[in-house]
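For reference, the chains in residue letters:
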Amino acid sequence: MNWTEELAQRWPEMSEVLWYGTLDTLYMVLWATVFSVLVGLPLGVLLVTTDRGGLTPAPLVKAVLGAVVNIGRSLPFIVLMVAVLSLTRLLIGTTLGPTAAIVPLSIGAIPFFARLVETAVREVDREVVEAAHAMGARKLTIVGKVLLPEALPGLVAGLVMTVVALVSYSAMAGAIGGGGLGDIAIREGYQRFDDYYLWATVILLVVIVQAAQSLGDFIIRRVSHR
């Protein structure tokens, strides 16, 4: 039996496993992205506004926030996953499955996205901010109606980079029972020496990344020509 015949024979079984693995991966990435934005966006803005010359200079706050972000970014994700197992068990009740994997995924992505937000906000023309300040706009108004809208293309680009990183993180989460395509690649592909599963998961991960990047590029073009 050649490989095409074997693939055709095994495809009904493989397609079901790969379908649920893809759904688990998308589930993990989606919720980790939501938490990354909810925490990373204000954290990145604070890194800019509390800096010297920012809207509310606070060097001590900036130093503490910067140190927290740097520590989060310095840990390899595979180490981070193991380090937060106790926290994951406390929050979720288990360390296995896609829901449990969302905890380390979010913790790993928040500082990554926060730095990208900081970079995007810093690129906003200071004259625009100073003009809004001179017109008597409050600081929260400047952040919400000047800094974030002006930095929107950079923020979207940063979000796309975060999603792509989360896809790769989710694949690594499979190494400790996180589920998803990474788990299938390790359990069915690597441990059982099954090239069909291995290459199928690789292709699906590439498709997910390409889809996220294409959608992100489309949105960036739209918001850049407002």
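For clarity, every value in this text was computed on a predicted model and none was experimentally measured.

Undergrad: Before we go on, may I ask you to explain the pattern of salt bridges in this structure?
TA: As enumerated under the stated definition, the model contains six salt bridges in all. Among the ionic pairs, Glu118 bridges to Arg115, the shortest N-O distance being 2.6 Å. Residue Glu118 and its partner Arg115 are both found in helix α5 (residues 98-122); the two are separated by three residues, about one turn of the helix. You can call Glu118 buried: its relative accessible area is 8%. Given a relative accessible area of 16%, Arg115 falls into the buried group. Between Asp183 and Arg187 there is a salt bridge whose closest N-O contact spans 2.8 Å. Taken together, the residues span about one helical turn, with Asp183 and Arg187 both in helix α9 (residues 180-190) at a distance of four residues. Residue classification places Asp183 among the buried positions, given a relative accessible area of 16%. A network of salt bridges, in which partner residues are shared, links Asp51, Lys62, Arg115, Glu118 and Arg122.

Undergrad: What is the right way to look at the packing of helix α7 (residues 139-150) against helix α8 (residues 152-173) in this model?
TA: Their axes nearest at 5 Å, the elements α7 and α8 cross at an angle of 60°. Classified by the angle between their axes, α7 and α8 sit oblique to one another. Contact residues: α7 offers Leu148, Pro149 and Glu150, while α8 offers Leu152, Pro153 and Leu155. Residue composition of the contact of α7 with α8, grouped by class: five nonpolar, no polar and one charged.

Undergrad: Please clarify how the packing of aromatic side chains should be interpreted in this entry.
TA: Each aromatic ring pair is characterised by the separation of its centres together with the angle its planes make. Counting across every chain of the model gives two aromatic pairs. With a centroid separation of 6.1 Å and 35° between ring planes, the pair formed by Trp31 and Phe35 is classed as tilted. One end of the pair is Trp31 and the other is Phe35, both in helix α1 (residues 3-49) and four residues apart, which spans about a single turn. You can call Phe35 partly exposed: its relative accessible area is 36%. Between Phe77 and Tyr169, the aromatic rings sit 4.5 Å apart at their centres with planes inclined by 5°, giving stacked as the arrangement. Here the residue Phe77 occupies a position in helix α3 (residues 77-83), and Tyr169 occupies one in helix α8, the gap between them amounting to 92 residues. In this pair, the class of Phe77 matches that of Tyr169, namely buried.

How each quantity is defined
- Starting from 1, residues in each chain are numbered consecutively following that chain's sequence as written.
- Totals for whole chains, interfaces and linings use all residues, but because this is a predicted model, local features are given only for residues with pLDDT of at least 70 and pairs of side-chain atoms are given and counted only at 80 or more.
- Here the side-chain values reflect all heavy atoms present in the structure, with hydrogen atoms and water set aside.
- Each salt bridge in this description consists of a side-chain nitrogen of Lys or Arg and a carboxyl oxygen of Asp or Glu lying within 4 Å of one another.
- Put simply, DSSP marks the helices as runs of H or I at least four residues long and the strands as runs of E at least two long, and each gets a number from the N terminus on.
- Partly exposed residues are those whose accessible area sits between 20% and 50% of the maximum for their type, while under 20% is buried and over 50% is exposed, using a 1.4 Å probe and protein chains only.
- Only the stretch in contact is used when a helix axis is fitted, and all axes are lines through C-alpha atoms; the angle between N-to-C directions ranges over 0 to 180 degrees.
- An angle below 35 degrees is treated as roughly parallel, one above 145 as roughly antiparallel, one from 65 to 115 as roughly perpendicular, and anything else as oblique.
- Whether two residues are in contact is decided by their heavy atoms, any of which lying within 4.5 Å being enough.
- Under this grouping Gly is polar, as are all residues other than the nonpolar Ala, Val, Leu, Ile, Met, Phe, Trp, Tyr, Cys and Pro and the charged Asp, Glu, Lys and Arg.
- Stacked, tilted and edge-to-face are the three classes assigned to paired rings of Phe, Tyr and Trp, where Trp is represented by its six-membered ring and a pair needs centres within 6.5 Å; plane angles under 30 degrees give stacked, over 60 edge-to-face, the rest tilted.

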